[in-house]
Structures are given as C-alpha cells and as structure tokens.
Amino acid sequence: LIDCVDLDEGTVDVSYTILHDGVTEEKEETVPVAKVQALEEFEIRSPESWSDDFSKDFYGTAALAKDCANRLFKLRDYHAAVQ
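Caption draft 1: Here's a closer look at the confidence of the model for the chain. Mean pLDDT over the chain: 88, with 96% of residues reaching 70 or higher. Mean pLDDT values over the elements of the chain span from 69, in helix α3 (residues 78-82), up to 95, in helix α1 (residues 47-56).

Printed below as a string of structure tokens:
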C-alpha cells in the first residue's frame with residue numbers, strides 16, 4: 001500500500017504485511033520511487049474470474065497460476081507468491 005509520495009525527495013512511504021514464523025507482521029518503509037511498480041495484471045483479477053477459468057480449463061489455469069506465483073517469487077514478493 002502506498003501511504004505517501006514525496007517527489008522532492010524521490011521517495012515513497014509504503015506499508016505491507018509479511019508472514020514471519022507463522023505470525024503476520026505489518027511493516028512500513030520508505031523506498032526510492034524507482035523501486036515502486038504497478039501490480040501485475042493477475043494480481044488484480046477477481047476471484048470470480050479465476051474461478052471461471054478454472055472451471056473451463058483446470059490444468060491450463062493451474063499452470064498459469066503457477067507461472068504467476070513464479071513471477072512474484074522472482075520479484076521477492078514471497079508472501080503474495082504463496083497465496
């Protein structure tokens with residue numbers, strides 16, 4: 001979640017949730033603007049859309065979901081990747 005953008009400083013304040021040793025922790029950081037990117041298309045798909053695709057092509061959609069998780073893993077968004 002983007003909390004604040006400071007264009008003069010070139011930074012963004014972000015907050016996010018991580019899972020650490022089975023405990024959910026809220027974190028806040030200030031990061032350079034260059035490190036912030038838009039969500040991937042699959043991250044904003046509705047659950048209904050995923051459900052429809054699974055009912056039409058279970059194995060194809062499962063492979064797509066695995067590819068999406070792999071992309072998140074490569075971005076080091078481990079919490080989102082396991083979801």
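Caption draft 2: How the structure looks around a nonpolar patch on the surface. Residues I2, V5, L7, V33 and V36 make up a contiguous nonpolar surface patch of about 440 Å² in total accessible area. Taking relative accessible area as the criterion, V5 reaches 48% and is therefore assigned partly exposed.

Caption draft 3: View of the packing of α1 against helix α2 (residues 58-74). α2 packs onto α1 with a crossing angle of 135° between their chain directions and a minimal axis gap of 5 Å. Between α1 and α2, the interaxial angle falls into the category oblique. Within the contact between the two elements, α1 uses W50, D53, F54 and K56 and α2 uses F58, T61, A62, L64, A65 and C68. Taken together, the residues that form the contact of α1 with α2 break down as 7 nonpolar, 1 polar and 2 charged.

Caption draft 4: Main features of the side chain of S15. Of note, S15 is situated in strand β2 (residues 11-20). Within the local environment of S15, its side chain forms a polar contact with the side chain of D3, the two groups lying 3.1 Å apart. Beyond its immediate stretch of four places on either side in the chain, S15 contacts L1, D3, K27 and E28.

Caption draft 5: Highlighting the layout of surface pockets. The volume enclosed by the largest pocket comes to roughly 1,400 Å³. Along its surface, the largest pocket is lined by 30 residues, and L39, E43, L72, D77 and A80 are the ones closest to its centre. Among the secondary structure elements, those contributing two or more residues to the lining of the largest pocket are β2, β3 (23-32), α2 and α3. The greatest single-element share of the lining of the largest pocket, amounting to 5 residues, is contributed by β2. Residues belonging to the lining of the largest pocket are distributed by class as follows: 19 nonpolar, 5 polar and 6 charged.

Analysis parameters
- Residues numbered from 1 in each chain as written.
- Predicted model: local features only at pLDDT ≥ 70, side-chain atom pairs only at ≥ 80, totals over all residues.
- Heavy atoms only, no water.
- pLDDT = per-residue confidence, 0-100.
- Helix = DSSP H or I, 4+ residues; strand = E, 2+ residues; numbered from the N terminus.
- Patch = residues over 30% accessible without salt bridge, like charges linked within 9 Å, V, L, I, M, F, W, Y side chains within 5 Å.
- Areas by Shrake-Rupley, 256 points an atom, 1.4 Å probe, with all protein chains shown as cover.
- Salt bridge = Lys/Arg side-chain N within 4 Å of Asp/Glu carboxyl O.
- Buried < 20%, exposed > 50% of the residue type's maximum accessible area, 1.4 Å probe, protein only.
- Axes fitted to C-alpha atoms, helices over the stretch in contact; angles between N-to-C directions.
- Parallel < 35°, antiparallel > 145°, perpendicular 65-115°, else oblique.
- Contact = heavy atoms within 4.5 Å.
- Nonpolar A, V, L, I, M, F, W, Y, C, P; charged D, E, K, R; others polar.
- Polar contact = N/O pair within 3.5 Å; in protein donor to acceptor, adjacent residues only side chain to side chain.
- 1 Å grid on protein atoms, 1.4 Å probe; cavity = no way out; pocket = protein on both sides within 12 Å on 5 of 7 lines; lining within 4 Å.
- Points joined across faces, edges and corners; volume = space filled by probe spheres on them.

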